[in-house]
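One-letter residues, chain by chain:
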Amino acid sequence: MSEPQDRHAAITGIGVVAPNGTTTGTFWKATQEGLSVLDRVTREGCEHLPLKVAGEVRAFEPAATIEERFLVQTDRFTHYAMAAADFALDDARLALADIPDAPYSIGVVTAAGSGGGEFGQRELQRLWGKGSRFVGPYQSIAWFYAASTGQVSIRRGFKGPCSVVASDEAGGLDALAHAARAVRRGTDVIVAGSTEAPLAPYSMVCQLGYEELSRETDPSRAYRPFTDGACGFVPAEGGGMLVVEAAGAARARGADIKAVVAGHGATFTGASRWDRSREGLAQAVRQALAEAECAPEEVDVVFADALGVPEADRAEALAIADALGEHGTRVPVTAPKTGIGRGYGAAPVLDTAAAVLAMEHGLIPPTPNVFDVCHDLDLVTGSARAAELRTALILSRGLMGSNSALVLRRGTAQ
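Residues numbered from 1 in each chain as written. Predicted model: local features only at pLDDT ≥ 70, side-chain atom pairs only at ≥ 80, totals over all residues. Heavy atoms only, no water.

Our next topic: the nonpolar core. A general feature of soluble globular proteins is that nonpolar side chains tend to end up buried together. Ranked by internal contacts, the top residues of the largest apolar core, which has 49 residues, are Val 285, Val 299, Val 302, Leu 324, Leu 393 and Leu 395. At the level of elements, β3 (53-54), α10 (274-292), α11 (310-324), β14 (391-397) and β15 (402-410) are the ones that each hand at least two residues to this core. Here this core takes eight residues from α10, the largest share from any one element. Among all residues touching Leu 324, those that are not within four sequence positions of it are Val 285, Leu 289, Pro 296, Val 299, Val 302 and Val 331. If you look at the next biggest cluster of nonpolar residues, it comprises 43 residues, including Ala 192, Ile 340, Leu 357 and Leu 406. (Core = buried A, V, L, I, M, F, W, Y, C linked by side-chain atoms within 4.5 Å. Buried < 20%, exposed > 50% of the residue type's maximum accessible area, 1.4 Å probe, protein only. Helix = DSSP H or I, 4+ residues; strand = E, 2+ residues; numbered from the N terminus. Contact = heavy atoms within 4.5 Å.)

With that out of the way, let us pick up the pattern of salt bridges. Tallied over the entire structure, the rule returns 28 salt bridges. The closest approach of N and O atoms between Arg 156 and Asp 86, which form a salt bridge, is 2.7 Å. Placement of the pair is Arg 156 in helix α6 (residues 147-156) and Asp 86 in helix α3 (residues 76-92), with a sequence separation of 70 residues. Given a relative accessible area of 28%, Arg 156 falls into the partly exposed group. Look at Asp 86 and you get buried, because its relative accessible area is 9%. Across the salt bridge formed by Arg 278 and Asp 322, the nearest N and O atoms sit 2.6 Å from each other. Of this pair, Arg 278 sits in helix α10 while Asp 322 sits in helix α11, placing them 44 residues apart in sequence. Owing to a relative accessible area of 32%, Arg 278 belongs among the partly exposed residues under this scheme. Taking the relative accessible area as the measure of exposure, Asp 322 reaches 33% and is therefore partly exposed. (Salt bridge = Lys/Arg side-chain N within 4 Å of Asp/Glu carboxyl O.)

Here Glu 212 shows up in the loop between α8 (201-207) and β7 (238-246). No salt bridge is formed by the buried Glu 212; the nearest opposite charge belongs to Arg 215, separated by 7.5 Å. Of note is the side chain of Glu 212, whose polar atom sits 3.1 Å from the side chain of Trp 274. Sequence-distant contacts of Glu 212, defined by excluding residues within four places in its chain, comprise Gly 232, Phe 233, Ser 272, Trp 274, Leu 307, Val 309 and Leu 399. (Lys, Arg positive; Asp, Glu negative; His and termini not counted. Polar contact = N/O pair within 3.5 Å; in protein donor to acceptor, adjacent residues only side chain to side chain.)

On the secondary structure map, Met 82 appears in helix α3. For Met 82 and Pro 366, which are 284 residues apart along the polypeptide, the C-alpha to C-alpha distance reads 29 Å.

This part covers the sheet that holds strand β5 (residues 162-165). The sheet built from eleven strands is open, its strands ordered β5-β4-β6-β7-β1-β8-β15-β14-β9-β10-β12 with mixed pairing. Because the sheet does not close on itself, it has two edges, and the strands there are β5 and β12 (378-379). Two elements, strand β8 (residues 259-268) and β15, share nine bridges in a ladder whose sense is antiparallel. What sits directly across from Val 261, in β15, is Leu 408. Taken strand by strand, helix α7 (residues 171-185) contacts β1 (9-17), β4 (106-111), β5, β6 (189-196), β7, β8, β14 and β15, and its axis lies near 175° from that of β6. Across the sheet, α11 is in contact with β9 (301-303) and β14; its angle to β14 comes to roughly 140°. (Pairing = 2+ DSSP bridges. Axes fitted to C-alpha atoms, helices over the stretch in contact; angles between N-to-C directions.)

Take the environment of Pro 235 next. On the secondary structure map, Pro 235 appears in the loop between α8 and β7. Other than its neighbours up to four places away in sequence, Pro 235 contacts Leu 51, Val 53, Ala 54, Gly 55, Leu 199, Gln 207, Leu 213, Gly 341, Arg 342 and Tyr 344.

In this section: the state of the cysteines. Evaluation of the coordinates by the stated rule reveals zero disulfides. In this model Cys 374 remains outside any disulfide bridge; the closest cysteine sulfur is found in Cys 231, 13 Å from its own. (Disulfide = S-S within 2.5 Å.)

What follows deals with the domain arrangement of the protein chain. It is common to give the size of an interface as the accessible area that goes away when the parts come together. On domain assignment, one finds that the protein chain holds domain 1 (9-253) and domain 2 (263-410). Across the boundary between the two partners, domain 1 contributes 57 residues, which contact 63 residues of domain 2. Our count for the contact surface shared by domain 1 and domain 2 stands at four salt bridges. The salt bridge involving Arg 181 is made with Glu 291; its shortest N-O contact spans 3.4 Å. Between domain 1 and domain 2 we count 24 residue pairs in polar contact (both at pLDDT 80 or more) in total. Contributions of two or more residues to the side of domain 1 that touches domain 2 are made by β1, α1 (24-32), α7, β6 and β7. When residues of the side of domain 1 that touches domain 2 are assigned to their parent elements, the largest contribution, seven residues, is made by α7. Across the side of domain 1 that touches domain 2, the residue classes break down as 28 nonpolar, 19 polar and ten charged. (Domains from an automatic or database assignment. Nonpolar A, V, L, I, M, F, W, Y, C, P; charged D, E, K, R; others polar.)

If you want it as structure tokens, here you go:
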């Protein structure tokens, strides 16, 4: 049975800190233009590592938006989260005074794949090099994958339901679904999303164990899913936060409902078992469509997971066809993350932000650096494609086996 319309989970604010833009406007401009910002890794201590190409956030100064007392006790991935949460709340024009039961009816949900590796590495080096008296007290919390949820809620004074999702890359979509369900159950507002900062020496060494990681040194060839030249994925940092609130409350305060989180599905098929991910991803899509009461032919665009591994790309193309039938080979598919890198749990949140903006502007962004598609997909490449978009499907898979699908409806459409 459908929930009351006033409890539909509406997205009213978007905040982005990404390699191709640190505001929603700059992010969307670069995304719709198909701009690729993949480049050589420049972080200190990473020069000798075999991972040479990544999506770095370079136009971001944490001190410009975050108070010093929060900066010293948090890692880069939490800096991104706090800034993106601020941007999303500003975009939603949301203040505590707008919510009757605030601050107890406003919560935070984030997803994280690895936590604060840069902060942890720095403190451990001080421990080994100087001794225990030189290790700060925040080492115990800054590295923790739940730090962003805690710090965003503390800094903004939110005392509603708070949680963190740990389901690998798919966790970004799972966090948004968790937020939507909390809203449907009665919470007025959830600030939800994911940010990651995996481009520090310790974190990068940990990633070298992933067979799916691209070792290509040419940025234009390092991340090319769905092509004969696919050689793995390129990691990225940054991410996004969204304001998800009850549609009735949003309308009452005159907020702009950008999209509605209509359906979600999640499955698990095992670490790096890309042959099995076909079935698992297709089942996640079916679950999401069923919850959204959405027929396959209603899907107007698919934002693909796009791992960049031949076996995984083939499995995803087949999963789209399995779940959407004949429509699966005709529906436009895009993967804008090939221009910024794959930011683990943050990647599908940025895809969700791009999907909301695509529906708003009637424009499907292209898939940067990809031209020679070798799968039976209508992959949007080269330049953006104009289209009337009412329903978007976002897909995500994690390296450890999680699969997730999210259905968005434009504006107040149901």
